[in-house]
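Spelled out from the first residue to the last, the chains are:
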Amino acid sequence: MRLNWNWDFCRKKTCEEISGFNPDRIIWQRLRKNPLAIVSFGFIVLLVLVALLGYLITPDKTPYANEQHLEIAVKKPGFKVTMLKIYDREPQNQNVFYTMLFGKKSSSTNIPIYKYEQTPQGLRYETFTGDSPNEGEIKTLDKNLRYEISEKKYPLGTDRYGRCLLSQLMIGSRVSLSVGFIAVFIAIVIGITLGAIAGYYGGRADALIMWIINVVWSIPTILLVIAITFALGKGFWQIFVAVGLTMWVDIARMVRGQVKSLKEKEFVLSAKVLGFSNFRIILKHILPNVVNALTVVITSNFATAILQESGLSFLGIGVQPPMPSWGSMIKENYGYIILDASYMAIIPGLAISLTVLSFFMLGNALRGAMEVKQ
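Predicted, not measured: the structure shown is a model, and the values here were computed from it.

Enquirer: Which parts of the structure should I look at to understand the pairing of strand β2 (residues 109-119)?
Expert: As a general feature of sheets, a regular strand has side chains that alternate between the two faces. Here 5 bridges tie strand β1 (residues 79-86) to β2, and the two strands are oriented antiparallel to one another. Across the sheet, the residue bridging to I86 is T109, located in β2. Note that β2 and strand β3 (residues 122-127) share 6 bridges and pair antiparallel. By the bridge assignment for β3, K115 is matched with E126.

And the structure:
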């Protein structure tokens, strides 16, 4: 008798197709019921968009948002000034993607002015001094020069160098998020590798790795970061490595514990019986079951990395000027806290606090959503 095979039944099916159970969908549904998680996630997404678009949306599009006008230093939020733009340089031809990443050098000399009038000799204007009454220098612009007069707004005011505080804040978000992503990536690679080896093989490998973990754990984190920073030098990329090399311990300890408990499960024993290599068992059978717990640790480490970078920049051993950073902005303006311009230090401080709080709140929400309820 000939058998008729039902190939639709025999084809490979996923867990969701067979049982209708989708863990990711259940986690998402639980997160949607948590308003704090939604608000935190929305704030993080907004911050990522601001960091990615960069100079395309900043008021100051010059590299590092570093256009300085000492005449308008330390102005209040909402400050407006008439700006004379004298086009005395050839404009740069560069694509949008390059401008988004690195900014664009201005093709004009920008001069804050108080008032102006047209004369037969050319434009006659009085430079802006910021004093009341204004007693600026009266100048006449050569009528052969090409110029433009416009009103420039500073939504968050200016810092002590006359730079746009909003532009500095927006570009500074790149540093914080970059440190978070790259430092956490370094920590994940080191932590998962050492944790998986220690948990799966045990014995001397476990003892050696745990000894390294305990040694690193015993050193205060900020002192270890400072030591690594001094060894690698000051700079943008050095701070990523320094922070990343101090954050892998938590991940390694968590992965070790998860692997030790999972390696005795039936599916791992079955994989060993089938002759799979240890590398394949760890990579394809054990580590996917650690992802949920690892996600919660990663969100908290992301927040910790932002705090560490801000602290190092405040101490002057993190990101170096003219590259803006939230920590360096606080350092430059903390002297104004006792004056009537305290907002210059408070605003970047609030940005750090809200970002760190958002990551912690999202991590706590993920932990609650991933809990297995009996």
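Enquirer: What is the right way to read a nonpolar patch on the surface from this model?
Expert: There is a patch of nonpolar side chains on the surface, built from L208, W211, I212, V215, I219, I222 and L223 and spanning about 630 Å² of accessible area. Every element with two or more residues in the nonpolar patch is listed here: α7 (203-218) and α8 (221-232). Sorting elements by how many residues they give to the nonpolar patch places α7 first, with 4 residues. Mapped onto the fold, L208 is located in helix α7.

Enquirer: Teacher, can you tell me more about the packing of aromatic side chains here?
Expert: Each aromatic ring pair is summarised here by two numbers: the centre-to-centre distance and the angle between the ring planes. All told, the structure shown has 8 aromatic pairs when counted by the stated rule. Measuring from ring centre to ring centre gives 5.0 Å for F181 and F302, while their planes differ by 90°; the resulting arrangement is edge-to-face. Taken together, the positions of F181 in helix α6 (residues 165-201) and F302 in helix α13 (residues 291-315) put the pair 121 residues apart, joining distant regions of the chain. Aromatic ring contacts, followed pair by pair, group F79, F128 and Y154 into a single cluster.

Enquirer: I would appreciate a short explanation of unusual backbone geometry in the present structure.
Expert: In terms of backbone geometry, most residues other than glycine have negative phi values and most peptide bonds are trans. For the bond running from P321 to P322, omega is 10°, close enough to zero to count as cis. Position of P322 among the secondary structure elements: in the loop between α13 and α14 (326-333). Although it is not a glycine, Y64 sits at a positive phi angle of roughly 65°. Mapped onto the secondary structure, Y64 falls in the loop between α4 (35-53) and β1. The phi dihedral of V74 is positive, around 55°, even though this residue is not glycine. Given a relative accessible area of 29%, V74 falls into the partly exposed group.

How each quantity is defined
Residues numbered from 1 in each chain as written. Predicted model: local features only at pLDDT ≥ 70, side-chain atom pairs only at ≥ 80, totals over all residues. Heavy atoms only, no water. Pairing = 2+ DSSP bridges. Helix = DSSP H or I, 4+ residues; strand = E, 2+ residues; numbered from the N terminus. Patch = residues over 30% accessible without salt bridge, like charges linked within 9 Å, V, L, I, M, F, W, Y side chains within 5 Å. Areas by Shrake-Rupley, 256 points an atom, 1.4 Å probe, with all protein chains shown as cover. Salt bridge = Lys/Arg side-chain N within 4 Å of Asp/Glu carboxyl O. Phe/Tyr/Trp six-rings, centres within 6.5 Å; stacked < 30°, edge-to-face > 60°. Buried < 20%, exposed > 50% of the residue type's maximum accessible area, 1.4 Å probe, protein only.

Everything listed here is a matter of coordinates, which is why it stays silent on function.
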